[in-house]
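# Coordinate analysis (summary)
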Amino acid sequence: MDEGQFELVYHIWSYEMNTLVSVHTRISRDSCSYISVYDIFPNCAFYERDIHEMYGMYFEGSPCMDKFILTEWDGPPPMRKDFDSEAWVNEHFDWQDYHPDWLQELETQGGGIAIHPEEQRFSRRNKE
């Protein structure tokens, strides 16, 4: 990430030839595009589609770059290291206190939540 690049790795195994081919290449995070290997290895179409959806990388020549899992997602690619999931949640959702009657009863008996959520969240640690 410091170099502004992704590392794309293909491991392709041929049972017929009893051969493993591993390809490692670096791709700019800005352009985030690479040529699909679908023509020589059709099974990669699913994986390229998954990488496109989760990391935002586009594969030229791949038969399908449609969303598969994140069909309702309109945010940035969620698996990128620079994606701050907690900041995204805080931007899009409102936190509400959840303190039902049954929890209040537990707390009066000495039970309840051991570590409060505000103490667990990574972004709120060590800010005092």
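Residues numbered from 1 in each chain as written. Predicted model: local features only at pLDDT ≥ 70, side-chain atom pairs only at ≥ 80, totals over all residues. Heavy atoms only, no water.

### Some remarks on the overall build of the protein chain
For the protein chain, the count of helices and strands is four helices and four strands. Reading the helices (α) and strands (β) of the protein chain from amino to carboxyl end gives β-β-β-α-β-α-α-α. At 22 Å, the protein chain has a C-alpha radius of gyration far larger than the 14 Å of a compact globule built from 128 residues. Looking at the protein chain alone, contacts between residues at least 24 apart form 36% of all its contacts between residues at least 6 apart. Accessible area of the protein chain: about 10,300 Å², with a carbon and sulfur share of 52%. Averaging the locations of the 10 positively and 25 negatively charged side chains of the protein chain gives two centres separated by 5 Å. (Helix = DSSP H or I, 4+ residues; strand = E, 2+ residues; numbered from the N terminus. Rg over C-alpha atoms; globule rule 2.2 N^0.38 Å. Contact = heavy atoms within 4.5 Å. Areas by Shrake-Rupley, 256 points an atom, 1.4 Å probe, with all protein chains shown as cover. Lys, Arg positive; Asp, Glu negative; His and termini not counted. Charge placed at Lys NZ, Arg CZ, Asp CG, Glu CD.)

### A closer look at the pairing of strand β1 (residues 5-14)
In the sheet, β1 pairs with strand β2 (residues 19-28) via ten bridges, with the strands oriented antiparallel. Among the inter-strand pairings, His11 is bridged to a residue of β2, identified as Ser22. (Pairing = 2+ DSSP bridges.)

### A short note on the pattern of salt bridges
With the rule as written, the count across this model stands at three salt bridges. With its nearest N and O atoms 3.2 Å apart, the salt bridge here joins Asp82 to Arg29. Taken together, the positions of Asp82 in the loop between β4 (58-60) and α2 (85-92) and Arg29 in the loop between β2 and β3 (33-35) put the pair 53 residues apart, joining distant regions of the chain. Members of the salt-bridge network, linked through shared partners, are Arg29, Arg80 and Asp82. (Salt bridge = Lys/Arg side-chain N within 4 Å of Asp/Glu carboxyl O.)

### Remarks on the side chain of Arg80
Here Arg80 is to be found in the loop between β4 and α2. A distance of 3.5 Å separates a polar side-chain atom of Arg80 from the backbone oxygen of Tyr55. The residues contacting Arg80, other than those within four sequence positions of it, are Phe6, Arg29, Cys32, Met54 and Tyr55. (Polar contact = N/O pair within 3.5 Å; in protein donor to acceptor, adjacent residues only side chain to side chain.)

Keep in mind that these numbers describe shape and distance, not what the molecule does.
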